[in-house]
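Survey of secondary and tertiary structure
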Amino acid sequence: MSKLLIIGCGGVASVAIQKCCQNSDVFSELCIASRTKSKCDAMKAKLEGKTRTKITTAQVDANDEQALKSLMNRYGPKTVLNVALPYQDLTIMDACLACGVNYVDTANYEPENTDDPAWRAIYEKRCKELGFTAYFDYSWQWAYRKKYEEAGLTALLGSGFDPGVTSVFSAYAQKHYFDQIDTIDILDCNGGDNGCAFATNFNPEINLREVSANGSYWENGRWIETKPMEIKREYDFPQVGQKDMYLLHHEEIESLAKNIPGIKRIRFFMTFGQSYLTHMKCLEDVGMLSTSPVEFEGREIVPIQFLKTLLPDPASLGPRTKGKTNIGCLFSGTKDGKKRTIYLYNVCDHQACYRELGSQAVSYTTGVPAMIGTALVTSGVWNKKGVHNLEEFDPDPFMEMLNRYGLPWTVEESPETVG
Ligand code: NDP
């Protein structure tokens, strides 16, 4: 019986909150706190009378560490689930540390202002030393490991689907299917159609920053960087069909490279339709994806933030999105001296998610694992102190909860592989 503080009340939060309310034995009390309190109040009203979890709401600016600390001290949560934006990861981690609260998130830290000279100096050093240029990486949050250990707290990083479930799938494959995993290809396929000319399935700013950046993959102990969308493959996804997919940099590659012993190669592919790519390229070419402020009619605006205000809110896409997602990991390696390949995946239906919770499948596939990771930390089933990624824990209880809370998984032996 524990109090949980959820920060953020967007698309992913809406699923995580409703799933926590289906798990009242662990989450007896829940405070939803975000920048716009009216969204928290609307979510509370939607759930009233349908759950045993006692819900309260609060307004908070998660960039303001003092405000976070005073909310945590007032409310007294055991755990904070951060489903705001990656920009706020460090302030929330600092506040949790100061208040003796466990921390869970779904995306690793990246700065809002990538022109900040102090951040840029560290970033450029990292690009040179590690060999990938993505704005996000785990070094900022892994730096808290000792402090969390000493405080007897757990910070669980990246408890969404990818990263998150893909990390747990890797630990599960390692535990039950392989003596040695040689390669992992993480495949993220959204076979859904929302009928919009152009829309992103999660926060547009974070999404577009990620997919317009250089790609990279891990091979033989080092990063290999590619131009955006340079590597394209086709794959026939179970229950979805044939799709084009492109190699991207993705955050779980960084942690899996450290945590899966002897791994030789890890790649991440995401499916995109040609129309999406053409729109994105055009927006990029005219400067609309820029994160640097420009002057417009006497005030500064950030182009990508302005673009966000024009694009559909991902949380509103539920009713109009049809089709399925298929996200999973293709593992190859050896077991008992024999070569083995498996595809471990989940298929999620957009309309089924909408009928259950009013959300599309991308929010659903992120919000369910956010709840599961938070439940395992809060109930002490996962009780390693310090700052950890999901593949560092026993995968079995998480895998069991995926089946129970709406994301059942399948193991296919000898699947199609990716060239
Ligand atoms: P949304 O934009 O829909 O929601 C973000 C929420 O955070 C909004 O409620 C927003 O408030 C709130 N917020 C933003 N800034 C602040 C602030 N300074 N203080 C308090 N609240 C704030 O995003 P999503 O729900 O689509 O994504 C949430 C997170 O999930 C992101 O970090 C994203 O990267 C991650 N994600 C992870 C995935 C995974 O598989 N691991 C997949 C998809 C997403 P307001 O309503 O006022 O705008």
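1. Details of the overall build of the chain
Within the chain, the regular secondary structure consists of 15 helices and 18 strands. Scaling as 2.2 N^0.38, a compact globule of 419 residues should have a C-alpha radius of gyration of about 22 Å, and the chain matches this with 20 Å. Across its three principal directions, the C-alpha atoms of the chain cover 55 × 55 × 45 Å. Buried residues in the chain amount to 47% of all 419 residues. For the chain, the proportion of contacts with a sequence separation of at least 24, taken over those separated by at least 6, is 74%.

2. Details of the pairing of strand β1 (residues 2–7)
Direction of pairing for β1 relative to strand β2 (residues 27–34): parallel, over a ladder of 6 bridges. Pairing of Lys3 across the sheet is with Glu29, part of β2. The β-α-β motif built from β1, the intervening helix α1 (residues 11–21) and the parallel element β2 has right-handed crossover chirality. Pairing of β1 with strand β4 (residues 79–82) involves 4 bridges; the strand directions are parallel. Residue pairing across strands places Ile6 opposite Leu81, the latter belonging to β4.

3. Considerations on helix α3 (residues 65–75)
Residues Leu68, Leu71 and Met72 constitute the buried set of α3. One face of α3 carries all of its buried residues, which in axial projection span an arc of 95°. Exposed and oriented more than 90 degrees from the buried face of α3 are Gln66 and Arg74. On its buried face, α3 sits against β1, β2, β3 (54–59) and α4 (89–99). Following α3 by one or two positions, Gly76 has its phi on the positive side, about 70°.

4. Description of the site of the ligand
If you check the shell around the ligand, you find 33 residues, and the closest are Gly8, Gly10, Ala62, Gly160 and Phe202. Top contributing element to the shell around the ligand by residue count: α1, with 3 residues. Looking at the shell around the ligand residue by residue, the class counts come to 16 nonpolar, 13 polar and 4 charged. The residue makeup of the shell around the ligand includes at least three contributed by each of domain 1 (2–157) and domain 2 (165–357).

5. Side note on the nonpolar core
Within the largest apolar cluster, 106 residues are counted, with the highest numbers of intra-cluster contacts made by Ile6, Ile7, Ala16 and Ile32. Ranked by the residues each element gives to this core, the list is headed by helix α14 (residues 361–378), at 10 residues. Taken together, domain 1 (2–157) and domain 2 (165–357) each give at least three residues to this core, which thus spans both.

6. Some remarks on the sheet that holds strand β17 (residues 386–389)
Spatially, β3-β2-β1-β4-β5-β6-β17 is the arrangement adopted by the 7 strands of the open sheet, whose pairing is parallel. Edge strands, defined here as strands with exactly one partner in the open sheet, are β3 and β17. When the angles between neighbouring strand axes are averaged without regard to direction, this sheet yields 20°. Pairing between β2 and β3: 6 bridges, direction parallel. If you follow Cys31 over to β3, its bridge partner there is Thr56. The strands that α3 touches are β1, β2 and β3; relative to β1, the one it contacts most, it runs at about 155°.

7. Regarding the packing of α1 against α14
Across the interface, α1 lies against α14 with an axial gap of 7 Å and an inter-helix angle of 45°. Here α14 runs oblique to α1, going by the angle between their axes. For α1 against α14, the interelement crossing comes out right-handed. For the pair formed by α1 and α14, the contact residues are Gly11, Val12, Ser14, Val15, Ala16, Lys19 and Cys20 on the first element and Ser363, Tyr364, Thr366, Gly367, Val368, Ala370 and Met371 on the second.

8. Remarks on α4
Listed in full, the buried residues belonging to α4 are Asp89, Thr91, Ile92, Met93, Ala95, Cys96 and Cys99. Two residues or fewer past α4, Gly100 is found with a positive phi of approximately 70°.

9. Things to note about the environment of Cys99
Note that Cys99 resides in helix α4. Among residues more than four places away in sequence, those in contact with Cys99 are Lys69, Met72 and Asn73.

10. Here we look at the domain arrangement of the chain
You can read the domains of the chain as domain 1 (2–157) and domain 2 (165–357). Just the C-alpha atoms count here: the centres of domain 1 and domain 2 sit 22 Å apart. Of the residues lining the interface, 21 residues belong to domain 1; the matching set on domain 2 comes to 19 residues. With 5 residues, α1 is the single largest residue contributor to the side of domain 1 that touches domain 2. Here the side of domain 1 that touches domain 2 is composed, by residue class, of 11 nonpolar, 8 polar and 2 charged.

11. Points about the pairing of strand β9 (residues 222–226)
Sheet topology places strand β8 (residues 215–219) next to β9; 5 bridges connect them, and they run antiparallel. Looking at β9, one finds that Glu219 is bridged to Arg222.

Calculation rules
Residues numbered from 1 in each chain as written. Predicted model: local features only at pLDDT ≥ 70, side-chain atom pairs only at ≥ 80, totals over all residues. Helix = DSSP H or I, 4+ residues; strand = E, 2+ residues; numbered from the N terminus. Rg over C-alpha atoms; globule rule 2.2 N^0.38 Å. Buried ≥ 20, exposed ≤ 12 C-beta atoms within 10 Å, placed from the backbone. Contact = placed C-beta atoms within 7 Å. Pairing = 2+ DSSP bridges. Right-handed = clockwise from strand over helix to strand, strands pointing away. Arc of directions from axis to C-beta. Near = placed C-beta within 6 Å. Nonpolar A, V, L, I, M, F, W, Y, C, P; charged D, E, K, R; others polar. Domains from an automatic or database assignment. Core = buried A, V, L, I, M, F, W, Y, C linked by C-beta atoms within 7 Å. Axes fitted to C-alpha atoms, helices over the stretch in contact; angles between N-to-C directions. Parallel < 35°, antiparallel > 145°, perpendicular 65-115°, else oblique. Left-handed = near helix turned anticlockwise from the far one by under 90°.

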